[in-house]
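Here is how the chains run, residue by residue.
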Amino acid sequence: MKHIKIGYAPTRRSIFSAPDAIKYRGLTADRLKELGVDFVDITDINREGLLYNDEDRIRIAEKFRREGVDGLFLAHCNFGTEYECARLARDLNVPVLLWGPLDERPEPNGVRLRDTQCGLFATGKVLRRFRIPFTYMTNCRLSDPVFERGIKDFLAVCSVVKTFRSMRILQISTRPFDFWSTMCNEGELLEKFNIQLAPIPLGEMLDEMKKAIRDGDEVKEVMQYCRDNMKISVSDEQLEKIAGMKVGMKRLLVKYGCQAGAIQCWNQLQAEIGIMPCAANSLLNEEGYPIVCETDIHGAITALMVEAASMDNRRSFFADWTIRHPDIENGELLQHCGPWPVSVCRERPDITMPLAFDYPCAITAEAKHGPVTLVRFDGDNGEYSLLLGHAKGVDGPKGMGTYLWVEVENIKRLEAKIVEGPYIHHCVGIHEDVLPVLYEACKYIGVKPDLYDPVEEDVKAYLRGEGSGKKF
């Protein structure tokens, strides 16, 4: 599970009850500990452990930077000091969670101790004046289920933002000539988003693969993993090449400080070593290093975002939108030659021949059914967006490679979204509902969320804390 640390900056205003603010500062900290949240407190900054003046705000910012917090939690323990909250948020430039505990019944004499909700209204306005994006968790009790849900979703949002702002993608060779659709603007990705590419020639990867095979032990361990977890319909020599490629690519990912990769998977590779890289990609995908096909850099970015939204609890799968389902009106085939991780498959995968190629070493397996989130980061002419939506795995004809038949709400609407762009025939799926987290994360990374079903009001309602706690 991905580790996220937040800065906990509870705040008060002087004209409301300081003792009650201190009380809720402590209660909120206790609840965060119960939920297993890693947070940095400010009890050493002043005797109250609260944010309310500028001198302390400077020291809090210094501490949070030193501790490397990934998000800022502005808990309004009474009305709060809105301008100090905004200044601190600007200092840190991390996702911001705005919340306050529900106010009690007024005293018999009419006195109100905290006026927390009113303070939240004020801070929201000032954050907007400062042009600081923020996440609002509804005014609720610490014991309410919506508090736990909101905290966990915010941690996932922080995970996406942290990942997106520090991406480095290993680019193994150029894109295949025929795939003009997967071209990307390397300079623009760096200038807009700080996304870095580490391009290497195919020969460098092949040299690392051969070195791994000569070294021996690590490659043998991978070969045994394959035997234990897959059907093997290739020769021992081909299996050794798969394992060597997997080990070699991982070494290059580590060498260049990359979290994911995109490989020119055909056709010069096959001329050099006589196998497809799909099974090797699958092995790395299972370890949490997404490797995508056809040098699709935007696909690798998408995979990292999706897995970050799941807090790295699940593996994603990189797929083509291919053909309509022959029997289900809104059905579609998601498929690729065979790079999906083992944990995605509903059956024991077979290392064999892929569809459309005469070289072995791709995986054949159907993916698990059930609900999935489908996502695509892409851009045209300097404008980037994130296609988001739901689907469910359904029965369909047997396929080749790794595949999943899915049903969506309206395939014609989705088809138009992809054709009209800025998207292509590739997407990333995951067996988890990460749509609301990715939607919320978009406000922090300068990417437009683009829902392929008209569910935006449902997403907003969920994020507001409405409903039973289920993601719609």
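Attention in this report is confined to the structure presented alongside it. These figures come from a predicted structure and were not determined experimentally.

### A look at the pairing of strand β14 (residues 362-366)
On a regular strand, each side chain points to the face opposite its neighbour's, so the side chains alternate between the two faces of the sheet.
Argument step 1. Counting buried positions along β14 yields 5 of 5 residues, so the element is predominantly enclosed.
Argument step 2. The two faces of β14 match: A362, T364 and E366 on one face and I363 and A365 on the other face are all buried.
Argument step 3. Inspection of the sheet shows β14 paired to strand β17 (residues 402-407) by 2 bridges, in the parallel sense. Within β17, the position partnered with A365 by the bridge is T402.

### Overview of the sheet that holds strand β2 (residues 38-40)
Argument step 1. Within the open sheet, the 5 strands sit side by side as β2-β1-β3-β4-β5. Their pairing is parallel. Of all the strands in the sheet, the pair left with one neighbour each is β2 and β5 (135-136).
Argument step 2. With 3 bridges joining them, strand β1 (residues 5-8) and β2 adopt parallel strand pairing. By the bridge assignment, I6 is partnered in β2 with F39.
Argument step 3. Strand contacts of helix α1 (residues 18-34): β1, β2, β3 (71-75) and β4 (96-99), with the helix running at about 170° to β1, the strand carrying the most contacts.

### Describing the pattern of salt bridges
Argument step 1. Within this structure, the stated rule accounts for 35 salt bridges.
Argument step 2. The shortest N-O distance in the salt bridge between E84 and R57 comes to 3.6 Å. Placement of E84 in helix α3 (residues 82-92) and of R57 in helix α2 (residues 54-67) is noted, with a sequence separation of 27 residues between them. Per residue, the accessibility class of E84 equals that of R57, and both read buried.
Argument step 3. Across the salt bridge formed by K250 and E287, the nearest N and O atoms sit 2.8 Å from each other. Residue K250 is found in helix α9 (residues 236-255), and its partner E287 is found in the loop between α11 (278-286) and β10 (291-292); the two are separated by 37 residues along the sequence.
Argument step 4. Several salt bridges converge on common partners, so that one network encompasses D54, R57, E84, R87 and D91.

### Quick notes on helix α13 (residues 411-420)
Argument step 1. Looking at α13, one finds that the buried residues are I411, L414 and I418. Viewed along the axis of α13, the buried residues span an arc of 65°, placing them on a single side of the element. For α13, exposure combined with an orientation more than 90 degrees from the buried face picks out K412, V419 and E420.
Argument step 2. On the buried face of α13, the contacting elements are β11 (317-324), β12 (331-336) and β16 (383-394).
Argument step 3. Of the residues flanking the start of α13, the one acting as N-cap is N410, its side-chain oxygen 3.1 Å from the backbone nitrogen of K412.
Argument step 4. Directly beyond the C-terminal end of α13, a positive phi value near 85° is found at G421.

### Points about the sheet that holds strand β7 (residues 196-200)
Argument step 1. Pairing within the open sheet is parallel, and its 4 strands lie in the order β7-β6-β9-β10. Since the sheet does not close on itself, it has two edges, and those belong to β7 and β10, each with one partner.
Argument step 2. Pairing geometry for strand β6 (residues 168-172) and β7, over 5 bridges, is parallel. Looking at the pairing, Q171 lines up with P199 of β7.
Argument step 3. Relative to the sheet, helix α12 (residues 297-309) contacts β6, β7, β9 (260-263) and β10, its axis offset from that of β6 by approximately 140°.

### Structural notes on empty space enclosed by the protein
Vacant regions in the atomic arrangement are exposed by a probe of water-molecule size rolled over the atoms.
Argument step 1. Counted according to the given criterion, the structure contains 2 cavities of 30 Å³ or more.
Argument step 2. Volume-wise, the largest cavity comes out at about 160 Å³.
Argument step 3. Lining of the largest cavity is provided by 17 residues; of these, T135, Y136, G150, D153 and L463 occupy positions nearest its centre.
Argument step 4. Residue assignment for the lining of the largest cavity shows that the elements contributing at least two residues are β5, α5 (145-164), α14 (435-445) and α15 (456-464).
Argument step 5. The leading source of residues in the lining of the largest cavity is α5, at 6 residues.
Argument step 6. Partitioned by chemical class, the residues of the lining of the largest cavity number 9 nonpolar, 4 polar and 4 charged.
Argument step 7. For the second largest cavity, the calculated volume is near 60 Å³.
Argument step 8. Around the second largest cavity, the lining residues are N285, P290, I291, V292, A303, E307, S316, F317, F318, P339, P341 and V428.
Argument step 9. Broken down by secondary-structure element, the contributors of at least two residues to the lining of the second largest cavity are β10, α12 and β11.
Argument step 10. Here the lining of the second largest cavity is built from residues that sort into 9 nonpolar, 2 polar and 1 charged.

### Side note on the packing of aromatic side chains
Argument step 1. Under the defined criterion, the tally for this structure stands at 13 aromatic pairs.
Argument step 2. A ring pair is formed by F317 and W340, whose centres lie 4.6 Å apart and whose planes are at 45°; its orientation type is tilted. With F317 in strand β11 and W340 in the loop between β12 and β13 (350-352), this pair connects stretches of sequence that are 23 residues apart. A single burial state applies to F317 and to W340, both of which are buried.
Argument step 3. Among the aromatic residues, those joined into a cluster by ring pairs are Y8, F39, F73, W99 and F147.
Argument step 4. Taking NZ or CZ as reference, R12 lies 4.0 Å from the ring centre of Y52, over its face.

### What to know about unusual backbone geometry
Argument step 1. Residues W266 and N267 are joined by a peptide bond in cis, for which omega reads 10°.
Argument step 2. Along the chain, N267 falls in the loop between β9 and α10 (268-273).
Argument step 3. With an omega of 15°, the peptide bond between G421 and P422 qualifies as cis.
Argument step 4. Tracing the backbone through its elements, the reader meets P422 in the loop between α13 and β18 (426-430).

About the thresholds
- Residues numbered from 1 in each chain as written.
- Predicted model: local features only at pLDDT ≥ 70, side-chain atom pairs only at ≥ 80, totals over all residues.
- Heavy atoms only, no water.
- Buried < 20%, exposed > 50% of the residue type's maximum accessible area, 1.4 Å probe, protein only.
- Helix = DSSP H or I, 4+ residues; strand = E, 2+ residues; numbered from the N terminus.
- Pairing = 2+ DSSP bridges.
- Contact = heavy atoms within 4.5 Å.
- Axes fitted to C-alpha atoms, helices over the stretch in contact; angles between N-to-C directions.
- Salt bridge = Lys/Arg side-chain N within 4 Å of Asp/Glu carboxyl O.
- Arc of directions from axis to C-beta.
- Polar contact = N/O pair within 3.5 Å; in protein donor to acceptor, adjacent residues only side chain to side chain.
- 1 Å grid on protein atoms, 1.4 Å probe; cavity = no way out; pocket = protein on both sides within 12 Å on 5 of 7 lines; lining within 4 Å.
- Points joined across faces, edges and corners; volume = space filled by probe spheres on them.
- Nonpolar A, V, L, I, M, F, W, Y, C, P; charged D, E, K, R; others polar.
- Phe/Tyr/Trp six-rings, centres within 6.5 Å; stacked < 30°, edge-to-face > 60°.
- Lys NZ or Arg CZ within 6 Å of the ring centre and 35° of its normal.

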